[in-house]
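Results of the structural survey
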Amino acid sequence: MTDDVFKALADPTRRLILDGLVERNGQSLFEICARLAGRHGLGMSRQAVSQHLAVLEAAGLVVTRREGRYKFHDLNTEPLERIATRWLEPEKPENAP
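Summarising the element assignment, leucine 18 is placed in helix α2 (residues 12-23). For leucine 18, a relative accessible area of 8% gives the class buried. For the pair formed by leucine 18 and serine 45, sequence separation is 27 residues and the distance between their alpha carbons is 18 Å.

In the contact formed by helix α1 (residues 2-10) and helix α5 (residues 78-88), the axes pass within 10 Å of each other and the chain directions differ by 110°. The angle between α1 and α5 falls in the class roughly perpendicular. Seen along the crossing, α1 lies across α5 with a hand that is left-handed. Residues Thr2, Val5, Phe6 and Leu9 of α1 touch α5, and the partners they reach there are Pro79, Leu80, Ile83, Arg86 and Trp87. Grouping the amino acids of the contact of α1 with α5 by side-chain chemistry returns 7 nonpolar, 1 polar and 1 charged.

Glancing now at the pattern of salt bridges. Under the counting rule described, the total for this entry stands at 6 salt bridges. Salt-bridge contacts for arginine 35 lead to glutamate 23; the nearest nitrogen and oxygen are separated by 2.7 Å. Placement of arginine 35 in helix α3 (residues 29-40) and of glutamate 23 in helix α2 is noted, with a sequence separation of 12 residues between them. Judged by its relative accessible area of 17%, arginine 35 falls in the buried class. Between arginine 39 and glutamate 23 there is a salt bridge, and its shortest N-O distance comes to 2.3 Å. With arginine 39 in helix α3 and glutamate 23 in helix α2, the pair connects residues that are 16 residues apart, well separated along the chain.

Conventions adopted
Residues numbered from 1 in each chain as written. Predicted model: local features only at pLDDT ≥ 70, side-chain atom pairs only at ≥ 80, totals over all residues. Heavy atoms only, no water. Helix = DSSP H or I, 4+ residues; strand = E, 2+ residues; numbered from the N terminus. Buried < 20%, exposed > 50% of the residue type's maximum accessible area, 1.4 Å probe, protein only. Axes fitted to C-alpha atoms, helices over the stretch in contact; angles between N-to-C directions. Parallel < 35°, antiparallel > 145°, perpendicular 65-115°, else oblique. Left-handed = near helix turned anticlockwise from the far one by under 90°. Contact = heavy atoms within 4.5 Å. Nonpolar A, V, L, I, M, F, W, Y, C, P; charged D, E, K, R; others polar. Salt bridge = Lys/Arg side-chain N within 4 Å of Asp/Glu carboxyl O.

Here it is in structure tokens:
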């Protein structure tokens, strides 16, 4: 799972999508596309943004929820927390003092 997270974070567009979700969670695909175009000058198709969101979702960094016909995207920080904990607070061996 960690490899998927690093792969997802390697792309600058996906990092911009995550930055946008930090600012305002629960965005629709339309809102994410508009933010990328308006704030960052990225004129990407909805299909391209959907593919980026699929990579983020596969890595567990984005979770989706449906409300009627709309699909909303929320940031999930748990995979990032696991990575940080891995190196900042490594588990001690059972025999360690």
